[in-house]
Amino acid sequence: MKASASGHRRRRGLGSTRYRRGLAGTAIAAVVMAALTASQAPGVGLGGHDGKGADAAGDASPGDGSYDMELPPLESPNPPGGSAPGGVGDKSGIPKSVLAAYKKAAKSLATSTPGCGLRWELLAGIGKVESGHARGGAVDKEGTTLRPILGPVLNGAGFANIKDTDGGRWDGDTTYDRAVGPMQFIPSTWARWGADGNGDGRKDPNNVHDAALAAGKYLCADGRDLSAKADLDRAILSYNNSSEYLRTVLAWFEFYRKGTHAVPDSDIPPVSVPGLGEPGGGPVKGTPERGGKDGGKDHSATKPGKGSGGSHGNGDKEDGKDDGKGGGHDKPSPEPTAPHAIERATDQNITAVAGETFAARPGVKAETAKGKSVKGVKVRFEIRGSTQATFEGGAKEATVTTGADGVATAPALAAGAKTGTFTIRATAVGKNLGTVDFKATVTAPQADKVTRTETTALVADKNGTFADIAVKATRKGKPLAGTTLTATLADTAKGPFFSVDQQGKQVRTPVTVETGPDGVARLSGLRADDKPGTYTLTLTAEGGAKVEVQLTIKG
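The notes below deal with the structure included here.

Analysis parameters
Residues numbered from 1 in each chain as written. Predicted model: local features only at pLDDT ≥ 70, side-chain atom pairs only at ≥ 80, totals over all residues. Heavy atoms only, no water. Buried < 20%, exposed > 50% of the residue type's maximum accessible area, 1.4 Å probe, protein only. Helix = DSSP H or I, 4+ residues; strand = E, 2+ residues; numbered from the N terminus. Pairing = 2+ DSSP bridges. Axes fitted to C-alpha atoms, helices over the stretch in contact; angles between N-to-C directions. Contact = heavy atoms within 4.5 Å. Parallel < 35°, antiparallel > 145°, perpendicular 65-115°, else oblique. Left-handed = near helix turned anticlockwise from the far one by under 90°. Nonpolar A, V, L, I, M, F, W, Y, C, P; charged D, E, K, R; others polar.

### Let's talk about the pairing of strand β15 (residues 469-475)
And then number 1: Counting buried positions along β15 yields 6 of 7 residues, so the element is predominantly enclosed.
And then number 2: Bridging between strand β13 (residues 449-452) and β15 involves 4 bridges; their strand directions are antiparallel. In the strand pairing of β15, Arg 452 is matched with Val 471.
And then number 3: Across 4 bridges, the pairing between β15 and strand β21 (residues 520-523) is antiparallel. Along β21, the bridge assignment pairs Val 471 with Ala 521.
And then number 4: Strand direction decides the pairing type here: β15 and strand β16 (residues 478-479), joined by 2 bridges, are antiparallel. Directly across from Thr 474, in β16, lies its bridge partner Pro 479.

### Here's the deal with the sheet that holds strand β23 (residues 546-553)
And then number 1: Strand order across the open sheet formed by 5 strands is β14-β23-β22-β17-β20, with mixed pairing between neighbours. Both outer strands of the open sheet, β14 (458-460) and β20 (511-514), are each paired with one neighbouring strand and no more. Across this sheet, the average inter-strand angle for adjacent strands is 30°, counted without regard to direction.
And then number 2: Two elements, strand β22 (residues 533-541) and β23, share 8 bridges in a ladder whose sense is antiparallel. By the bridge assignment for β23, Thr 538 is matched with Glu 548.

### Some points on the environment of Leu 109
And then number 1: Residue position: Leu 109 is located in helix α2 (residues 96-112).
And then number 2: For Leu 109, the contacting residues outside a window of four places in its chain are Pro 114, Leu 118, Leu 213, Gly 216 and Lys 217.

### What to know about the packing of α2 against helix α5 (residues 208-219)
And then number 1: Two elements in contact, α2 and α5, have axes separated by 8 Å at closest approach and are oriented at 40°. By the angle between their axes, α2 is oblique relative to α5. For the pair α2 and α5, the crossing hand works out as right-handed. On the side of α2, the interface is formed by Ser 97, Val 98, Ala 101, Tyr 102, Lys 104, Ala 105, Ser 108 and Leu 109, while α5 contributes Val 208, His 209, Ala 212, Leu 213, Gly 216 and Lys 217.
And then number 2: Partitioning the contact of α2 with α5 into residue classes produces 8 nonpolar, 4 polar and 2 charged.

Keep in mind these values describe shape, not function.
So, in structure tokens, the structure goes:
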């Protein structure tokens, strides 16, 4: 994310890119969008303002054709073959390291933010537009770009005026900020949203794994459900508040959903691209949304807080300008103390047996933008879905205040008698800090013990019949009704048998019996053949509890 989309200019490996201007560009975009609309693909289309027909981008400079916004082919993706790195030729090809990063990030977010519904193809659409998939996969084995990918200097000349916020750590510029990496993050935005996608202990915007995960977290902000059309549009527009950008990303998103494949990473150092990571490169004229005429103000729909960022938030002054008091951004911003988000503090999935209490309890942590714990934040836990589960006292909601460690843990949760799954959603009371969902599962009770109700030896004459065998299934000492037990004979060649088939053959395959209201199940009609000896019958309940019974056939 940056003050000017890096996908808006020529770059190595995209020689077929065409600059679309005026009526010709409008016509092509219209054809693509008509095709997408006709396909009725879920979540694809315009409508960032709840689909009410308003221009979702609020584009203040219509007709400006300075973007390099290549649209995908109208036809479906071709099968693999003959593709150059970066998807040239067969446009559905994505460099293998970058493709792996997109998929890994989406999988991670499916676990940490299941309600978001982020698809990796959306990350691919944005990555295509922002950097041509890290300049055609020009990354090392760890996924870090071979050379920095930098946006134009944000010095107010055609872009926002954003003075340095990172001491030049990421963009090499100690005077002004520049967008960084394959997903184009402003340093101050990276400070807020940066992620460690490859587990190396670092958060590096130049690494495709880190950048893809951070971009996914950013798109999922504010509890968005990206399977919903309006939320999908808002998420893309928060990345770059431009209707043309929205149309282009949606076009690539849909194109990649129809099929894609990995192509080799580029092992050739990227060529110089003026304005994109090269000294002296003049900026390409940008849109107001990425730092043009509107002074770089943030239009993003993200977690709240002054200067919360979007693609060009600076974390201090909303318009990225010096306040005229001599300090500006040359001084470090004060350490934030206000809560910025709530994050999961316990396992996402919890399980309990019907009629019992969940052993684990959902918990979330309130943090500042720098990851510091925040005490005193009220968190509401809400039970959602069809379930009989309740918090202590039979309530469906409970409010808990975070402690010194920033953590709020839900009260004990009683499972109720109904089996199935439901959701526990955590939100901050009176604050827009996002949502955290937990998946709760209630399973049917299972016996932890099975015993015979009688101690009489089970003996039968040759070719005779055994007395009924009664066993009791219990859980925590209480009878368990409606539990199925499986009766199995150790010897399937001779000895006791359950029945005779139509051909008169003795049947020794397992049979089942079920416990009644008293937890007792009875096995009747067990017969003996003419082979004297002692045999073993095992009755096993669901969950594994079992009892072995000795059967004797007299000689």
